[in-house]
Each structure stands twice: as C-alpha cells, then as structure tokens.
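Descriptive structure summary
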Amino acid sequence: MSDFGHTGFSIDDLPLRDDLRGQAPYGAPQLTVKAVLNTNENPYPPSPELVEAIGRAAAEAAVGLNRYPDREATALRQALADYLGYGVDAANVWAANGSNEILQQILQAFGGPGHKALGFEPSYSMHPIIARGTATEWVSVPRTADFDVDADAAVAAVKEHEPSVVFLTSPNNPTGTALPLATVEAIAAAAPGVVVVDEAYAEFRREGTPSALSLLRTYPNVIVSRTMSKAFAMAGVRLGYLAAHPAVVDALQLVRLPYHLSTVTQAVALTALRYADELLSAVATLRAERDALVDWLRAHGFEVADSDANFVLFGRFPDRSAVFQHLLDQGVLIREVGPPEWLRVTVGTPEEMAIFREALLTATGRA
Ligand SMILES: Cc1ncc(COP(=O)(O)O)c(C=O)c1O
C-alpha cells in the first residue's frame, strides 16, 4: 500500500464511468508453485539457441530505438501471413500486443455505444470484459449441454439481436470444444456485422478439425484471430494477430494507436517465427499429453469435455473451490473457471502432469 496521503480516498471518489463501478479486473493468480497449470501457456521455454537469437535481434533493434517503430509492422505481417498459408498476404494480416489487443481494436472499430457483441458462453472471459471496456453491449447466448454451438439457435440469436460483432471461440476456452466449419459458415452468412473466430488454440486442434481461415475468401466479414502466446510458447512477447479481408485491416487503422507495436516486439516476434518449426515441435507432445490426460481422467471416473486445445475441462465437483484449494495446497495451480462444478487444467510437462494427477487423487479422496 503506498503512503500517498489523502487517506480514505478510493476508486469510489474518482469520476469512473458508471458502467465500470463495482467491477473486478481480469486476473488469473500469478503464483510461484510446483505446477503452474492455470493460464494455458506452453510449458516449454525457448531453447538456448532461440534465446541467443532473440538477444541478438533485440540488440540490433536497440540501435534504432531513438526512432519510432515501423507503424505498419510490414515485415512481421508478411512473416505471419507466410506462416498461416491459405493464400493469406500481409494485407490480410494485422498484429498487436496479444490477441486481446486485436480483439479490443475490433470492438473499438465495430462495437461501441449503441452496438452489440454476441458470444456463446461459457467462453473466453475477456470477450465480455473487452466489450465492457469499449462500452459495447454484451449479449450472452448459452452453449448446448456438451458445450457446442447449435447452428440453428445461433443463427436465430444473431437475427434477433443483430450484433455488430459475433465471437466464436474455436477451440473454445475453457471447454476445449472446436466448432464445425458449417456452424461458422451459417453464422457468417446470417450475421449483419463481423464474425470473429478466436483461434488462439488453433495449433492444438485434433486431426481433421478445420480452421476458419478457409472461409476468408468467401466471407469478407469473417476475422480469424490468432496468437503467439500458446502453441508458439511466446506469451511473454505479447503478440497476437488476425487474418481477414484487407478492408478489415483498413478499418482497424482508424482505432489503433500509432506505433502500438514496439520495435523490440516486432524484432523478437520475427525471430520467433523463424524458429517456428522448433517452437511448434512441442505441440505434438502436448496434444499427446492432453489425450492421455483425458483418458486418465475418464478412467478415474471424472467427467471430461472433449478437447482440441492445450487444456482440459473436467468435473464434476459440488464444491469445486475446495478441490481447487486442495490442489493449490499441494503446489498445483489450476483454474476455477467455466460452468459451476467444473475445473480447467492446462497441459504441462509430463512431470507437471504427474504431480497434478497425484494431487487430484488426493484432493478428491481417490488416492
Ligand atoms: C480464447 C482466447 N483468446 C485470446 C486469448 C488472449 O491471448 P493473448 O492476448 O495472449 O494473445 C486467450 C488467452 O488465454 C484465449 O484463451
């Protein structure tokens, strides 16, 4: 607590927007424990070679730090386009500080007062929070019992509410559920505004699960959002990006801050992209670890949602907070998120998963 005088002065004394009064900020705990399995990061740190390459790139970038960065992030957008494939070019790609900033720019451009954003919940908790921050009305439509999006119900909801922005998270956080392309297409065809397919976990999807990137040519209102925070193991870099029609990129120029992406961020992200094969080599390991975890949980009588991501939603616990706390007491930090009675665990290293399994058996009296 700072000793700043003015005792008794609090947030309530500030001219805060009415719609922000009494709200809580987003905040997954950041604790130092044996197994940190709560924010869906990739557990494998960069190799010594990549660390050195990033250091060199940052040093080279430092020489020009008296100047503003490339406002258009041209080289980086080209490298991201090359990584994505699907005939995507730099003009289709936009990058920002994490996909959260991408989503915020989308809502700044297409949402705002008098506009609605619609999402299918449970889903990523930041979607409504970013909507709130941009004064966009949030419309929550429930997913089905197995966490899917019912295409007919979704189209009906879109027609009823006429949102400027629809969020489809696939694979979905916190449930791991991926959407069939037909559902995305039906919603894109019916939506009066843009449809954001948040594919933060795309690289983890199971064989045969499609990406909405294949819809971009047909549906100019579809925006696919991606990130280097998950499969790319670069959460600390803060680099998110989207692929869409170039007109969408033009629209975002109207709301982005000038020079929003630092020279250092651009240099580090470009270097990481050059090491894409190495960074993504852990994805196969994590997918196998995830599938093994799903099998293990089911074999031990837990209910588990099918997962196309690097985390697993499992239950059910009449008192999930107690289970969460029991795990934390044993040095295992997972996430109390999503529908009541369920918990979410990120797939970590084999060592971390062994610790988790043992702690879970203890916490649930199965040991
Ligand atoms: C579905 C989804 N979208 C976006 C993000 C944001 O990621 P970042 O801002 O690190 O790119 C997350 C992070 O957990 C997520 O789960």
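Please read these numbers as outputs of a predicted model, since none were measured by experiment.

Remarks on the domain arrangement of the protein chain
Here the domain parsing of the protein chain yields domain 1 (28-46 + 281-363) and domain 2 (48-274). Taking only C-alpha atoms into account, the centre of domain 1 sits 25 Å from that of domain 2. The interface is formed by 23 residues belonging to domain 1 together with 26 residues belonging to domain 2. Carbon and sulfur atoms supply 58% of the area that domain 1 and domain 2 bury against each other, a total of about 2,000 Å² over both sides. Its largest share of buried area at the contact with domain 2, domain 1 owes to Pro 46, Arg 287 and Asp 308, together 33% of the area lost on that side. Counting across the domain 1 and domain 2 interface gives 2 salt bridges. In this structure, Arg 206 engages Asp 308 in a salt bridge whose closest nitrogen and oxygen atoms are separated by 3.0 Å.

A word on the sheet that holds strand β10 (residues 311-315)
What the 3 strands build is an open sheet, ordered β9-β10-β12; its pairing is antiparallel. Each edge of the open sheet is held by one strand with a lone partner, namely β9 (303-304) and β12 (342-346). Across the sheet, helix α9 (residues 276-299) lies against β9, β10 and β12, angled at about 5° from β10, the strand it touches most.

The rules we used
Per chain, the residues get numbers from 1 upward, laid out in the order the sequence is written. Residues qualify for local features only when their pLDDT is at least 70, as the model is predicted, and side-chain atom pairs are given and counted only at 80 or more; totals for whole chains, interfaces and linings, by contrast, use all residues. Only hydrogens and water are set aside; all other atoms, that is, all heavy atoms of the structure, feed into the side-chain values. Residue ranges labeled as domains rest on an automatic or database domain assignment. It only takes one pair of heavy atoms within 4.5 Å for two residues to be counted as in contact. Buried area is a sum: the accessible area each of two parts loses on coming together, probed at 1.4 Å, counted once for each and added. In what follows, salt bridge is the name for a side-chain nitrogen of Lys or Arg lying within 4 Å of a carboxyl oxygen of Asp or Glu. A pair of strands is labelled paired if DSSP reports no fewer than 2 bridges between them. We count a stretch as a helix when DSSP gives it H or I for four or more residues in a row; a strand needs E for two or more, and each element gets its number in order from the N terminus. The convention used is that axes are lines fitted to C-alpha atoms, helices contributing only their stretch in contact, and that angles between N-to-C directions extend from 0 to 180 degrees.

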